[in-house]
Amino acid sequence: MRSVALFGAIAALLVLPDVLAVKSHDFKTCSQSGFCRRGRALAARAQEAQSSWESPYWVEPSSISVSPENSTIKASVKSSLYPEIKFSLELRIHDDGVVRVLLDEVDGLRKRYDEAASWALVSEPQLSKSIRWAVGKKEFRAAFGKKNDIEIIVKYEPLCVRLRRGGEDQIVLNGRGLLHMEHFRSQTSKETVEEVASDENGEGQEVLQTENVRAWFEGQSEDAYWEEKFSTWTDSKPKGPESLSLDISFPNHGTVYGIPQHATNLSLPSTTGDSPSYSDPFRLYNTDVFEYLASSPMSLYGSIPVMHAHSAENTVGVFNAVGSETWIDISYPTKKSTHTHWISESGIMDVFLLPGPTPEEIFAQYARLTGTTALPAHWSLGYHQCRWNYVSSDDVRTVQKRFDEEDMPVDVFWLDIEYAQDHKYFIWDHKTFPDPVEMTNDVAAAGRKMVVIVDPHLKRTSDYPVYQEASDLDILVKPKSGEGEYEGWCWSGSSSWIDHFDPASWDWWISKFTTTKIDTGFSWTESTEDVHIWNDMNEPSIFNGPEITMPKDSIHYGGWEHRDVHNINGMLFHNNTAQAVRVRSDIPKRPFVLTRSFYAGSQRVGAMWTGDNLGTWDHMAVGIKMVLANGIAGMAFAGSDVGGFFGNPEPEMLVRWYQVGIFSPFFRAHAHIDTKRREPFLLEEPYKSIIRDILRLRYSMLPIWYTAFRENSVTGMPIVRPHYVMFPQDTAGFNIDDQFFVGSSGILVKPVTEKEKTEATVYLPEDQVYYDYFTQHAYRGSSKGKHVAVAAELHQVPVFIRGGSILPTRERPRRSSPLMKLDPFTLRVALSKAGTARGELYLDDGITYSHQQGELVWREFVAEQPQKKMTRISSKDLASQNPAKAVDGVALTAYDPKNAFAKEIEEVRVEKIVVLGLNSKPSAVKLESGADLKWEFVPGVAASDKKEGTASVLSIKDPKVLVTADWAIVIS
């Protein structure tokens, strides 16, 4: 949803033209943020001082203590700037090698916010039981890891933390001396020292102010310590300065990824140093940025403070568990090293060092901390049709009818804010939606769902039961006084916001989604279990607030200021909403909740989209990069609005955007209220037919997508994978972010994101054959990497199958994905140079959590050459072999291949097998049990050849083998 600044009455607010919409000057730059200015000024002083600069923080050796189980070590830390201030340092080593480094102020005037990790972590990490700390005169250290080649070393003076592998520094904290935890202080205290001077007779006394002895580090002035102004707003800052500056260096890694959400390259550009790409640091501060730039370090709707540092040798990562506004400077002093500087407004230092050493292990380590994407409802991987707004029940029915008339598959229809009377969410406007339950049932009759928006702002009126109940329960965010209810302006007019940090709000909010009457207040009886939820505006977006959000001195549960929890706030809203949707039925069902705002851990409960993008080629292109970056940070169920939220894309652009959309984990078309209607059935030919084919391609590949989601839910590996994840040693691919792989399937995609292109250049990273998905043309890669030119007319999207892959698809067109449940499969066997291939298929009911009780089918398909001139294709049960790795969140101890779900689909068969790249025409194709099979062979290039051209194709017709059974086919 778009948001606008409020400059008067709410009636005027809602009709403001786009020309008055939010622009970049409504959001701070670093120079307009007091604590960021202070942090950057600190870095500038250090840079100017060069080798004479030394951190004032040091460890007191006599204070060091080791826990009885040896996994944790603690020490007191002092600063020479303020010897009277106490800090506590703690290091914990997890059983998977992750090192947690904590620093907090002790016995201060106030308590620093220390709960960010508790919201992000899926559970308390298991600590290692095999660590032995060595405490010396100048440092303490521990060695660990499978090969005992990882070391964590803490130098006492100045304080410096190093993670090393094989004797080389991997991650260094405070190596450049930029650590600074601003302690709590009283505003009346003077930061200068006064001395009394007199002449030798004791007369003529005067007060002299000496030089500020801390200016070399902190600067001369108290810059925005106690109050800060931006535009017309004043931040009262009652706690004074409390920011945290920390430099994190990667001495042997020249590329960094992560820290979404930003519209920028996957490989993060520099913000400081020589010739930086951007002049401002990357900002993490969840904001509703209207018409955001397609290349900028500006903050957007979500914040995940995790960064990967990569080299051809290994990968490491850091997760900085902080919930407050954070700025991150990045520089590359050499081609093989990276400096970063993290500046946060509040909170303790709570940094997790991820030792890797591979991308796969980094994803696993981070997943063990914050969880993985919950396995979604299968239907949510289909096509979602949305706009602001479908205006009535009849409008929804008409749109559904048109999709069916044009034979275009779709799974979900969406309703934006105009369904709600006076924007009182849950309350239908019966003038336009007189029969919401019947409308939903009509949609559900075709196997489809509705998604309805529920925003976090509650209209402040006594005739709105949701607001009134929240007010009576005293669970609303409070103003800076700590009394009453914070009042801001949003779509509902005068609004208040539920404080989801307050445990008293949780069960109450969950009860609102119950579809039957309850005794304790309002429930959404005009809803059904086929209605799922869209949580928008949850940064929170507040039209008359500073930077279009909540004032930082607002008060949450526990007395914490909004500044402490801002980036976490939106996650709690969609977390509680997901719980509500999950438990509203007698048998819990997987919820679909889309969120705009997110934080580390959000992946456990829902999907996200990249917000209010524009219908431009640049936004189409950067959307791919943003989805890849989110996947790097664990938020894998992601996508950008097809067509762009703003504007009226021409048919060519719309076609290309659908080609991007079908290869995004979350696939939705959406449009602004002022745009022309652009449902795909409205297009002229040939565009309409092209998009119909695009949609059908997505649906045929749903088994591939669902299998990729299963893998992500168990391992944390991204669903769409950038080049460096697949080929971590290929330096030529570190910066590639316009092509990607889909899970482990072997599908390589290079969407076209430029106007009037008829050809695309694709990078093939290895000495392997890649087959065009549609034409079966065989392209040859190279061990040094190779660029190939491929046809990319408007109806063509460059899609390839990596040699060595087997793809399960369903080729029968249906109106929606649930109607495909019993459809047969086609297997595409793309032989590698060695004549082998492998693939997986995962299936369950796609609705409930019965898979966590073992009701699932997980198969492996293998093509091998047991002897010369013979290829054997087989199917075997993976779940029986790996029950503990079958599903997310549960380690099955056993698996029954004849479980209830397997019995439901026991008649589902493989109706066709296509083998690409055989050396020659077979003499026979048989089931291993002996029955001859029908087949056709078209000669062509073999996988093992060196030349390019159309591959040989063997088509095996209806082998009548079952998906749930073990079988083998022999080609000789």
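On a predicted model such as this, the values are computed, not experimentally measured, just so you know. (Residues numbered from 1 in each chain as written. Predicted model: local features only at pLDDT ≥ 70, side-chain atom pairs only at ≥ 80, totals over all residues. Heavy atoms only, no water.)

### What about the side chain of Asn613?
Inspection of the secondary structure assignment puts Asn613 in the loop between β32 (607-609) and α11 (617-632). Here Asp641 takes part through its backbone oxygen, which lies 3.2 Å from a polar atom of the side chain of Asn613. In this structure, Asn613 is in contact with Tyr292, His619, Ser640, Asp641, Gly644, Phe645, Phe646 and Trp657, ignoring residues within four places of it in sequence. (Helix = DSSP H or I, 4+ residues; strand = E, 2+ residues; numbered from the N terminus. Polar contact = N/O pair within 3.5 Å; in protein donor to acceptor, adjacent residues only side chain to side chain. Contact = heavy atoms within 4.5 Å.)

### Description of the nonpolar core
Counting residues in hydrophobic clusters, the biggest one holds 215 residues, and the most contacted among them are Tyr419 and Phe663. Here this core gets 9 residues from one element, more than from any other, and that element is α11. Setting aside chain neighbours within four positions, we find Tyr419 in contact with Asn389, Tyr425, Phe426, Ile427, Trp428, Asp429, Phe433, Val452, Ile453, Val454 and Trp524. (Core = buried A, V, L, I, M, F, W, Y, C linked by side-chain atoms within 4.5 Å. Buried < 20%, exposed > 50% of the residue type's maximum accessible area, 1.4 Å probe, protein only.)

### Some points on the sheet that holds strand β27 (residues 457-459)
Taken in spatial order, the 3 strands of this open sheet run β27-β29-β28, and their pairing is antiparallel. Edge positions in the sheet fall to β27 and β28 (488-490), since each of these pairs with one other strand and no more. Strand-to-strand, the axes of this sheet are offset by a mean angle of 60°, without reference to chain direction. As judged from the 3 bridges shared by β27 and strand β29 (residues 493-497), these two strands associate in the antiparallel manner. Within the sheet, the bridge partner assigned to Leu458 lies in β29 and is Ser496. (Pairing = 2+ DSSP bridges. Axes fitted to C-alpha atoms, helices over the stretch in contact; angles between N-to-C directions.)

### Here we look at the pattern of salt bridges
Across all of its chains, the model carries 74 salt bridges by this definition. We note a salt bridge from Glu561 to Lys239, for which the minimum N-O separation is 3.5 Å. Within this pair, whereas Glu561 is found in the loop between β30 (531-535) and α10 (562-583), its partner Lys239 is found in the loop between β15 (233-235) and β16 (244-250), the two being separated by 322 residues in sequence. On the basis of relative accessible area, Lys239 is assigned to the buried category, the value being 12%. Lys833 is paired through a salt bridge with Asp767; the nearest N and O atoms lie 2.9 Å apart. You can see Lys833 sitting in the loop between β44 (825-830) and β45 (837-843) and its partner Asp767 sitting in the loop between β38 (759-764) and β39 (769-772), a full 66 residues away along the chain. Here Lys833 falls in the partly exposed class, since its relative accessible area comes to 35%. One salt-bridge network, held together by shared partners, links Asp235, Lys239, Glu242, Arg283, Glu325, Glu345, Glu547, Lys552, Glu561, Arg563 and Asp564. (Salt bridge = Lys/Arg side-chain N within 4 Å of Asp/Glu carboxyl O.)

### Here's the deal with the sheet that holds strand β42 (residues 799-802)
Taken together, the 7 strands give an open sheet; going across it, the order is β35-β36-β37-β42-β39-β40-β51, and neighbouring strands pair in antiparallel fashion. The open sheet is flanked by β35 (720-721) and β51 (949-950), the only strands paired with a single partner. For β39 and β42, the ladder comprises 3 bridges, and the chain directions are antiparallel. If you follow Tyr770 over to β42, its bridge partner there is Arg802.

### Focus: the UniProt feature "domain: Glycoside hydrolase family 31 TIM barrel" (unreviewed entry) in the protein
When the UniProt feature table is mapped onto this chain, "domain: Glycoside hydrolase family 31 TIM barrel" (unreviewed entry) is found at residues 374-708. Helix makes up 33% of residues 374-708 and strand makes up 11%, while its end C-alpha atoms are separated by 12 Å. (UniProt positions renumbered as here; feature names shortened; annotations may be inferred.)

### Observations concerning the packing of α11 against helix α12 (residues 651-661)
Following both chains from N to C, one finds α11 and α12 inclined at 5°, their axes separated by 11 Å at the closest point. Taken together, α11 and α12 sit at an angle that is classed as roughly parallel. Taking contact as the criterion, the partners of Trp617, His619, Met620 and Ile624 in α11 are, on α12, Glu652, Met653, Arg656, Trp657 and Val660. (Parallel < 35°, antiparallel > 145°, perpendicular 65-115°, else oblique.)

### With respect to the packing of aromatic side chains
With the rule as written, the count across this model stands at 50 aromatic pairs. Judged by centre distance (5.5 Å) and plane angle (85°), the rings of Trp119 and Phe501 are edge-to-face. With Trp119 in helix α3 (residues 116-120) and Phe501 in the loop between β29 and α9 (504-511), the pair connects residues that are 382 residues apart, well separated along the chain. Across the pair, Phe501 and Trp119 agree in class, each one buried. With 6.2 Å between their ring centres and 75° between their planes, Tyr292 and Tyr301 make a pair best called edge-to-face. (Phe/Tyr/Trp six-rings, centres within 6.5 Å; stacked < 30°, edge-to-face > 60°.)

### Considerations on the pairing of strand β19 (residues 306-310)
Along β19, 5 of the 5 residues are buried, which leaves the element largely enclosed by surrounding structure. Bridging between strand β17 (residues 255-258) and β19 involves 4 bridges; their strand directions are antiparallel. The residue of β19 that forms the bridge with Thr255 is His310. Of the pairings in the sheet, the one linking β19 to strand β20 (residues 315-320) comprises 5 bridges and is antiparallel in character. Counterpart to His308 in the pairing with β20 is Gly317. Here β19 hands over to β20 after 4 residues, the two strands then running antiparallel side by side.

### Thoughts on the state of the cysteines
Taken as a whole and assessed by the stated rule, the structure comprises 1 disulfide. Between the sulfur of Cys30 and that of Cys36 lies a disulfide, 2.0 Å long from S to S. Taking the torsion about the sulfur-sulfur bond, which here is approximately -100°, the covalent link between Cys30 and Cys36 counts as left-handed. What makes Cys30 buried here is its relative accessible area of 2%. (Disulfide = S-S within 2.5 Å.)

### Focus on the environment of Ile719
The topology assignment puts Ile719 in the loop between α14 (702-715) and β35. Here Ile719 falls in the buried class, since its relative accessible area comes to 1%. The spacing of Ile719 and Gly949 is 230 residues in sequence and 30 Å in space, taken between C-alpha atoms. Not counting residues within four places of it along the chain, the set of residues in contact with Ile719 comprises Ala636, Pro665, Trp705, Ala708, Phe709, Asn712, Phe741, Val742 and Gly743.

### Let's talk about the confidence of the model for the protein
Do not read the fine detail of predicted coordinates wherever pLDDT is low. When pLDDT is averaged along the protein, the result is 95, and 95% of the positions lie at 70 or above. Every residue in residues 1-22 scores below 50 in pLDDT, and together they form 58 contacts with partners more than four places removed in sequence or on other chains. Note that pLDDT drops below 50 for residues 190-202; the model gives that stretch 24 contacts with residues more than four away or on any other chain. (pLDDT = per-residue confidence, 0-100.)

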